[in-house]
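Fold and contact review
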Amino acid sequence: MCGVFGVAAPGRDVARLTYFGLHALQHRGQESAGIAVSDGGRLTVLRDMGLVTQVFSERKLAGLHGQHAIGHTRYSTTGGVQWSNAQPLVHHGRARTLALGHNGNLTNTAQLREELHEEGTVLASTSDSEVVAALVASHPGRLEDAVAAAMERLEGAYSVVALSEGRLVAFRDPHGFRPLSVGRIDGGSVVASETCALDLVGAELDREVEPGELVVLEPDGARAERAVAPAPEGAFCIFEFFYLARPDSRVGGVEVHTARVRMGERLAAEAPAAADLVLSIPDSGTPAAIGFARASGIPFSEGMVKNRYVGRTFIQPEQGLREQGIRLKFNPLEEVARKRVVIVDDSIVRGNTTRQLVAMLRDAGAAEVHVRISSPPVVGPCFYGIDLAGEDELIAAGRSVDEVRAAIGADSLAYLSLEGLQEATRRPEDAVCRACLTGRYPTPPPEDRALGKLRYETAAPV
Ligand code: SF4
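These lines cover the structure that appears in this document, whether it is placed above or below.

About the thresholds
Residues numbered from 1 in each chain as written. Predicted model: local features only at pLDDT ≥ 70, side-chain atom pairs only at ≥ 80, totals over all residues. Heavy atoms only, no water. Near = heavy atom within 4 Å. Helix = DSSP H or I, 4+ residues; strand = E, 2+ residues; numbered from the N terminus. Phe/Tyr/Trp six-rings, centres within 6.5 Å; stacked < 30°, edge-to-face > 60°. Lys NZ or Arg CZ within 6 Å of the ring centre and 35° of its normal. Expected span 1.5 Å × (residues − 1). Buried < 20%, exposed > 50% of the residue type's maximum accessible area, 1.4 Å probe, protein only. Axes fitted to C-alpha atoms, helices over the stretch in contact; angles between N-to-C directions. Parallel < 35°, antiparallel > 145°, perpendicular 65-115°, else oblique. Left-handed = near helix turned anticlockwise from the far one by under 90°. Contact = heavy atoms within 4.5 Å. 1 Å grid on protein atoms, 1.4 Å probe; cavity = no way out; pocket = protein on both sides within 12 Å on 5 of 7 lines; lining within 4 Å. Points joined across faces, edges and corners; volume = space filled by probe spheres on them. Nonpolar A, V, L, I, M, F, W, Y, C, P; charged D, E, K, R; others polar. Core = buried A, V, L, I, M, F, W, Y, C linked by side-chain atoms within 4.5 Å. Pairing = 2+ DSSP bridges.

**Observations regarding the site of the ligand**
- Inspection of the region around the ligand gives R178, C237, I238, F239, C382, Y384, I386, C433, R434, A435 and C436 as its neighbouring residues.
- Those elements that provide at least two residues to the shell around the ligand are α8 (238-244) and α15 (435-438).

**With respect to the packing of aromatic side chains**
- Within this structure, the stated rule accounts for ten aromatic pairs.
- Pairing F239 with F242 gives two aromatic rings, centres 4.5 Å apart and planes at 50°, and the pair type is tilted. Of the two residues, F239 and F242 are both situated in helix α8; the distance of three residues between them amounts to about one turn of the helix.
- Taken together, a centroid distance of 5.1 Å and an interplanar angle of 40° make the contact between F383 and Y441 tilted. Taken together, the positions of F383 in the loop between β22 (368-373) and α13 (401-408) and Y441 in the loop between α15 and α16 (455-458) put the pair 58 residues apart, joining distant regions of the chain.
- Here the aromatic cluster, defined as three or more aromatic residues joined through ring pairs, consists of F177, F383, Y384 and Y441.
- In this structure, R47 packs its charged tip against the face of W83, placed 4.0 Å from the ring centre.
- Directly above the ring of F236 sits R427, whose terminal nitrogen or CZ lies 5.3 Å from the centroid.

**As for helix α9 (residues 256-270)**
- Relative to the 21 Å expected for 15 residues at 1.5 Å per residue, α9 spans 21 Å between its end C-alpha atoms, a close match to the ideal helical length.
- Within α9, burial applies to V256, A259, R260, V261, R262, M263, G264, L267 and A268.

**Overview of the packing of α9 against helix α14 (residues 418-425)**
- Between α9 and α14, the shortest axis-to-axis distance is 8 Å and the interhelical angle comes to 150°. By the angle between their directions, the pair α9 and α14 is classed as roughly antiparallel. In the crossing of α9 with α14, the sense of the turn from one axis to the other is right-handed. Taken together, the residues of α14 that come into contact with α9 (itself represented by A259, R262, M263, R266 and E270) are E419, G420, L421, E423, A424 and T425.

**Looking at empty space enclosed by the protein**
- Evaluated as defined, the whole model comprises three cavities of 30 Å³ or more.
- Considered as a void within the structure, the largest cavity measures approximately 100 Å³ in volume.
- Contributing to the lining of the largest cavity are 15 residues, with C237, C382, C433, A435 and C436 lying nearest its centre.
- If you list the elements that add at least two residues to the lining of the largest cavity, you get α8 and α15.
- Among the residues forming the lining of the largest cavity, the class breakdown is 13 nonpolar, no polar and two charged.
- One number sums up the size of the second largest cavity: a volume of about 60 Å³.

**Remarks on the environment of L43**
- Structurally, L43 can be placed in strand β3 (residues 42-49).
- Note: C-alpha distance between L43 and E165 (122 residues apart in sequence) is 9.0 Å.
- With residues up to four places along the chain from it excluded, the contact list for L43 reads V37, S38, T97, L98, A99 and L163.

**Some thoughts on the nonpolar core**
- Within the largest apolar cluster, 52 residues are counted, with the highest numbers of intra-cluster contacts made by F239, F242, M263, V344, I386, L388 and L437.
- Breaking this core down by element, the ones donating at least two residues are β14 (236-237), α8, α9, α10 (286-296), β21 (340-345), α14, β24 (432-433) and α15.
- For this core, the element with the highest residue contribution is α8, accounting for six residues.
- By size, the runner-up hydrophobic cluster in this structure holds 29 residues, among which are A133, V136, A162 and V228.

**With respect to the sheet that holds β21**
- The strand order across the open sheet formed by five strands is β18-β17-β21-β22-β23, and the pairing between neighbours is parallel. Each edge of the open sheet carries a strand with a single partner, namely β18 (300-301) and β23 (412-415).
- The pairing of strand β17 (residues 277-280) with β21 spans four bridges and is parallel. Each residue of the ladder has a partner; that of S280, found in β21, is V344.
- Of the strands in this sheet, β22 and β23 touch α13, which is tilted by about 130° from β23.

**Description of helix α5 (residues 129-138)**
- Across the ten residues that make up α5, a large majority, ten, are buried.
- Of the residues making up α5, those classed as buried are S129, E130, V131, V132, A133, A134, L135, V136, A137 and S138.
- As for α5, its buried residues are in contact with β5 (89-92), β6 (97-103), α4 (109-118), α6 (143-153), β7 (159-164) and β8 (167-172).

Structure representation (structure tokens):
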């Protein structure tokens, strides 16, 4: 996950714009947040553990001056939850100093860390992101050439913003796994993981950064350079469509909310349920529940009220907190008593949340609990920036739909078909990654994948 943001706007309060941009990207990562500013080429970085509002105060923002800024909200996929892995990170290389924010996950980190070590480069963090920074910082050519050379060596997923030599660059991997869009603001240009961040700061969307493209953000717009050739087939993460992206963001010209409503409508046609109420699982399940209710004619109800300030269970990386968080998060309304209810959610990963929700509804007196999921079963891990858990933790891996139904305690369970999901996104099949749903990965998985995201914490320092 992770959210990245950047703005080049001399004369504007770029730190404050970035602060607001990060608010719109908070859902993409809640472990740490940071902002780097460049003032005539001099870099200042403030980053810390916690939410954007916990890391920044009025006093801290007032101390960040410059013409360019980048920001980052982190959710870890390689490297532990610790300050040294917070971003934007700063790397001092032989050719330049660089501040960098990364969304995605590399698949050849081990090999690149080894190569950098042999070249005498010392890495201060255990994330894959510093590998990107170190490659760019050690190249003696122009910044654009250094980025292009680094991109030739990187494999996997990366949407990156970086500040160096008084300039702001953004680049995206040749598969385009993670989103990245550029826009214009009064007096400058802006780049962000999602278009909702452009909206929040009053920027006008220009376009998405193309797979394999590098853009230099300048006050009069984003200047594009083709850094590496795009992959023959795109691999935009389909999980962004049904779970991760904010509903008011646009991907490939499609509003995420609208796509999710279509998923719910299609789900109602594929897997109808005899019920009295359709309940959503807020927030990412709500648009699909609206679509399901609309298409089935069954009344929609809020049913489950969410305690909004507890945080997303999926993002909590620690199992104990996750289990506790579910109980803190939802409270059923009395109207579910004696009703046959359908709960519509976007996905089932480990199954803990769904099982507890079903039990909670039964405790509240629901007569029947039917579960409908607006995506196909998650059967494989993700190596490209979403921490879905290992294969052994995925409830649908190696289980039939009925076995999953029994495990979560529902009266019935159905998933949206892969075709139905694809159709709802309005994107062609060869433009998206669906690997965790199909087991067919667009790139070779990392060789050291079995070691998990903390593999460089335990390895000898490289
Ligand atoms: S494996 Fe799944 S979560 Fe990962 S990029 Fe592909 S579709 Fe997205």
